[in-house]
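Coordinate analysis (summary)
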Amino acid sequence: MKKLPGLNRHSIFLPLGLAFFCLWGLAACEKRPPLKGLAINASFSDRLLTDDLVTKLKVKYITTGSFQPLEQEFRIVAEAFWQGKILFRESLDPEVPVSRWQANRVYEMEKYLYIPRVIDRFNPKTAFGIRIRFSILMENSSESGPLVLYSRNIKLWPCPPEAPETIFLEGWEKIARPRNELADQNYEIWTGSRAVCLLENPGRPALLMVRGSNFQESLTVSLFLDDGLLDEFTLSPGPFQKIYSLGPFSSETDQELKLTLVMDKTLPINKVYPQLNENREVGLRIEKVYFR
């Protein structure tokens, strides 16, 4: 075979080798920690993550000898995105503020996260799960964008059909959502002064989450599980979330558990939404009652 002038195996492989080295260097740069001397380890308590799930996130912030203390205060948040939509956004600040971090330390924190129901198990495109983008960000009040400390894609499976259900009984109000309120459904669930729901007993230890929003000053809420007082707390206006680790309960004697929410006062719904021609008395707006 005729040999082309000026070409040999060294002249062919040298550019290829340089190209590989450059690509490897770019990949290495992408994996380099964004904050010098800081490594992050993040894990979930559930090996199999689904939507409509409360799971515990455990995070370790590990500083090495090259870490330089930060001159200003930052906050750390966890975010999950899918198709441009935020699935959750939660604070991940450890007990020691970021401005007081020192080199060669490990700062830990744990937090329950709720992954909302987003998967249509009957849709062939999502029936076998989706991939969401999970990130841990460092932010401050400046106009510059957040610093991405940790980011990866996570496989999310549909919530199993046998997952326990919550049945709403008496004391609940179904309120039409105002048109300027963006949401997946056109109504909201509110309590009256007293609201009762049934929780399907999973027959094992489970997490109870009550999540929603309060629109009154200093509202006292009492939670009863069956006939016993589970908790009593006072809420300021704004979102709230209460999570309890419960059970196990005998599935032979208690197929269902009764959860009762009692509020010490109510207000007319038109005080919250003046555009609604409604005067029904409501207590809390409830986004989710979870027991699984």
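All values derive from a computational prediction rather than experimental measurement.

Considering the environment of Leu257
- Mapped onto the elements, Leu257 comes out in strand 16 (residues 256-263).
- Residue classification places Leu257 among the buried residues on the basis of a relative accessible area of 0%.
- Distance from Leu257 to Asn201, taken between C-alpha atoms, is 6.5 Å for residues 56 residues apart in sequence.

Focus: the sheet that holds strand 10 (residues 187-191)
- Reading across the sheet, the five strands line up as 9-10-19-12-15 and stay open at both edges, with antiparallel pairing between neighbours. Both edges of this open sheet fall to strand 9 (172-176) and strand 15 (238-246), since each of them pairs with a single strand only. Between one strand axis and the next, the sheet turns by 35 degrees as a mean value, whatever way the strands run.
- Pairing between strand 12 (residues 206-214) and strand 19 (residues 284-291): seven bridges, direction antiparallel. Residue pairing in the sheet places Gly212 in a bridge with Ile286 of strand 19.

Brief notes about the pairing of strand 1 (residues 38-44)
- Residues Leu38, Ile40, Ala42 and Phe44 point to one face of strand 1 and are all buried, whereas Ala39, Asn41 and Ser43, pointing to the other face, are not buried.
- The pairing of strand 1 with strand 2 (residues 53-63) spans seven bridges and is classified as antiparallel. Looking at the pairing, Ile40 lines up with Tyr61 of strand 2.

Examining the packing of aromatic side chains
- Scanning the model with the defined rule gives nine aromatic pairs in all.
- Ring centres 5.4 Å apart and planes at 65 degrees place the aromatic pair Phe44 and Phe134 in the edge-to-face group. With Phe44 in strand 1 and Phe134 in strand 6 (residues 130-139), this pair connects stretches of sequence that are 90 residues apart. Accessibility assignment for this pair places Phe44 and Phe134 in one class, buried.
- Centroid distance Tyr61 to Trp101: 5.2 Å. Interplanar angle 35 degrees. Geometry classified as tilted. Of this pair, Tyr61 sits in strand 2 while Trp101 sits in the loop between strand 4 (85-91) and strand 5 (105-115); the two residues are 40 residues apart in sequence, bridging distant segments of the chain.

Parameters at a glance
Residues numbered from 1 in each chain as written. Predicted model: local features only at pLDDT ≥ 70, side-chain atom pairs only at ≥ 80, totals over all residues. Heavy atoms only, no water. Helix = DSSP H or I, 4+ residues; strand = E, 2+ residues; numbered from the N terminus. Buried < 20%, exposed > 50% of the residue type's maximum accessible area, 1.4 Å probe, protein only. Pairing = 2+ DSSP bridges. Axes fitted to C-alpha atoms, helices over the stretch in contact; angles between N-to-C directions. Phe/Tyr/Trp six-rings, centres within 6.5 Å; stacked < 30°, edge-to-face > 60°.

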